[in-house]
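# Residue-level structure breakdown
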Amino acid sequence: MSNIVLGIGDYGASDRPGSMVKTYALGSCVAVTMYDPNLHVAGMVHVALPDSKLNRAKGAECPGYFADLGVPLLFEEMVRLGCQRQGRGLVVKLLGGASVMAGNDTFNIGKRNVLAVKKVLWGLGMGPVAEDVGANYSRTVSLYVDSGGVTVSCPGRGQWQI
Amino acid sequence: MEPRISSDDIREAIANLPILSPNVSRLLQVLSTDDYELDDVVNIVKYDAALTAKVLKVANSPVFGLVNPVTTLDRAISYLGKWIVISIILSDNTGELFHKPLEGYDGGQNALWRHDLFAAFSSSEVARLAKHDFEAELAFTAGLLHDIGKFVFSPFWEKVVPEALGHIEEGSMADYLEAERSLTGMDHAQIGYEMARHWDFPEPLQQAILYHHTPQQAPEEFRALAFAAHLGDMCAMMAGCDTGNDGMQYPLDDGYSEFFDLTSESLAQILLEAEIQFKKAISSLSVEEEVDK
């Protein structure tokens, strides 16, 4: 089956039939999924923070941790597996970016992550066709290679499709 | 609302808890003194052969990448640093406390340990940004112990949690803590406090556990520590290290700004640093077992 399971700051893509790319418990982190429906290539990155300027060393060691480095690297991985460099035909979805129940904006890292990811996607000429972001619950996300379907789950809330 | 669970039954479960290991009692007493030194922690480890062996094993785990194996306790502890040593002592001397699945919270095996460890590193990072003097050295341990109440509460909570989640979803209960109180007459913070009293934890830790969701209500002398535990808890949930169906279901008490100089950038730094330390700790402490998120 060779499923790919991504931790915080990991990215990966697969074209192996029957497999999936999965990440657990996003919290305020954001998962960006990319899928090529013609080639059946599925990729995902688990972004934790918006900008690698915060810590260059961490950016060098684990670029997927930051939106500005992780999203382009995921795209490069999709291209390596045969997707068009123009990004045409890629189905992009955003998930996660939840926030704690806060009255101030300091703790709204989830929202800042979503905005940063969108900015990078726009720079690459892409945009999400669907998103399940924000609110105050953590999401586990699976992207299926065969169908491109995205399943989201959360303890106590069940499972749904995006 | 009439509680669905008898608080007498919960208190009986606390009274029936096994006695705390002398190692943990000594460690917590040492940590709560103002001027403790690393030697005081070394002295706890060195008289316990199993604990000494564990510390050496962790120091020699591949995570630390040592060319020559460490064979003495002093060297091992200086490599690991005090936070990891404290984590080993607490993890190895508290039975199932941190590792048993929390069915009531939909939390798997080690979910509490992972949550508490991330919270502990976050709390100690938060403590660096303190505006005033407080027991900052206790912030890590307060973060590590803040949710112990879930261990006792989980089997009781399991019976009513579907109803609680329904109330939260439809908005008839504001948050998870209110749901716990409404349906059982108690909440996990209060139960943790009673456990801490049962085990005679030092007073600052008892108070940090009791007020980790309501730090503004803590007695003034313990308020900063309660806020450090509160913010560590929030950071762990933001990082996805929650204990299950209660993840991100508690309000932030923004009174923290009186005690800590926290900005969106410093918060991002805290999450980053805590994640680095957490990953290292979880990998090295799990040398004998598969890490399963």
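Residues numbered from 1 in each chain as written. Chains lettered and ligands numbered in written order. Predicted model: local features only at pLDDT ≥ 70, side-chain atom pairs only at ≥ 80, totals over all residues. Heavy atoms only, no water.

Another aspect to go through is the interface of chain A and chain B. Taken residue by residue, the interface counts 29 residues in chain A and 35 residues in chain B. For the pair chain A and chain B, the summed buried surface comes to about 2600 Å²; carbon and sulfur atoms form 63% of the total. When residues of chain A are sorted by the area they lose upon contact with chain B, A:L54, A:M101 and A:F107 head the list and together hold 26% of the total. Here B:E275 makes a salt bridge to A:K58, at a shortest N to O gap of 3.1 Å. Looking at the side of chain A that touches chain B, its residues break down into 17 nonpolar, 9 polar and 3 charged. (Contact = heavy atoms within 4.5 Å. Buried area = accessible area lost by both parts, 1.4 Å probe. Salt bridge = Lys/Arg side-chain N within 4 Å of Asp/Glu carboxyl O. Nonpolar A, V, L, I, M, F, W, Y, C, P; charged D, E, K, R; others polar.)

Residues and elements named next belong to chain B. Along helix α3 (residues 38-46), the residues that are buried comprise V41, V42, I44 and V45. Seen end-on, α3 carries its buried residues on one side only, within an arc spanning 155°. Close packing links the buried residues of α3 with α2 (22-31), α4 (49-59), α5 (73-80) and α6 (82-92). (Buried < 20%, exposed > 50% of the residue type's maximum accessible area, 1.4 Å probe, protein only. Helix = DSSP H or I, 4+ residues; strand = E, 2+ residues; numbered from the N terminus. Arc of directions from axis to C-beta.)

On to the pairing of strand β9 (residues 150-154) of chain A. Residues in a regular strand point their side chains to alternate faces of the sheet. Residue and element names in this part refer to chain A. Among the 5 residues that make up β9, 4 are buried, leaving the element largely enclosed by the rest of the structure. As judged from the 4 bridges shared by strand β8 (residues 140-144) and β9, these two strands associate in the antiparallel manner. Residue pairing in the sheet places V141 in a bridge with V152 of β9. Here β8 folds back onto β9, and the loop between the two strands holds 5 residues, one of which, G148, carries a positive phi near 80°. Pairing analysis gives 4 bridges linking β9 to strand β10 (residues 158-161), with the strands arranged antiparallel. Residue S153 lies in a different strand from β10, and its bridge partner there is Q159. (Pairing = 2+ DSSP bridges.)

Now for the sheet that holds strand β4 (residues 30-36) of chain A. All names here are of chain A. One open sheet accounts for 5 strands, arranged β2-β5-β4-β6-β7; its pairing is mixed. Where the open sheet ends on each side, the last strands, each with one partner, are β2 (11-14) and β7 (130-133). The sheet shows a mean angle of 15° between the axes of neighbouring strands, direction not considered. Across 6 bridges, β4 lies against strand β6 (residues 91-96) in antiparallel orientation. When the bridges of β6 are listed, A31 appears paired with L95. Relative to the sheet, helix α3 (residues 109-123) contacts β4, β5 (41-47), β6 and β7, its axis offset from that of β4 by approximately 30°. (Axes fitted to C-alpha atoms, helices over the stretch in contact; angles between N-to-C directions.)

The next subject is the environment of B:G108. Tracing the backbone through its elements, the reader meets B:G108 in the loop between α6 and α7 (111-127). In this view, B:G108 contacts B:K100, B:P101 and B:L102; residues no more than four positions away in its chain are not counted.

Ranked by size, the top nonpolar core spans 133 residues in total, and within it A:F107, B:W157, B:M195 and B:F201 carry the most contacts. The leading source of residues in this core is helix α14 (residues 220-238) of chain B, at 11 residues. With near-sequence residues (within four places) excluded, B:W157 lies in contact with B:G104, B:Y105, B:A164, B:Y176, B:A179, B:E180, B:L183 and B:T184. If you look at the next biggest cluster of nonpolar residues, it comprises 23 residues, including A:A13, A:V41, A:L90 and A:A116. (Core = buried A, V, L, I, M, F, W, Y, C linked by side-chain atoms within 4.5 Å.)

All right, on to the environment of B:S7 then. Its location among the elements puts B:S7 in helix α1 (residues 7-15). The sequence separation of B:S7 and B:L90 amounts to 83 residues, and the corresponding C-alpha distance is 27 Å.

This next bit is on the side chain of B:H212. Residues and elements named next belong to chain B. Checked against the element boundaries, H212 lands in the loop between α13 (203-210) and α14. Polar contacts involving the side chain of H212 include one to the main-chain carbonyl oxygen of I209, which spans 2.8 Å. Non-local contacts of H212, meaning those with residues more than four positions away in its chain, are made with H146, D147, H188, A189, A226, A229, H230 and D233. (Polar contact = N/O pair within 3.5 Å; in protein donor to acceptor, adjacent residues only side chain to side chain.)

The next thing to look at is the packing of aromatic side chains. Tallied over the entire structure, the rule returns 14 aromatic pairs over all chains. Feature note: the residues B:Y105, B:F153, B:W157, B:Y176 and B:Y250 constitute an aromatic cluster, connected by ring pairs. The aromatic ring of A:Y65 is capped on one face by A:K58, whose charged end is 4.7 Å from the ring centroid. (Phe/Tyr/Trp six-rings, centres within 6.5 Å; stacked < 30°, edge-to-face > 60°. Lys NZ or Arg CZ within 6 Å of the ring centre and 35° of its normal.)

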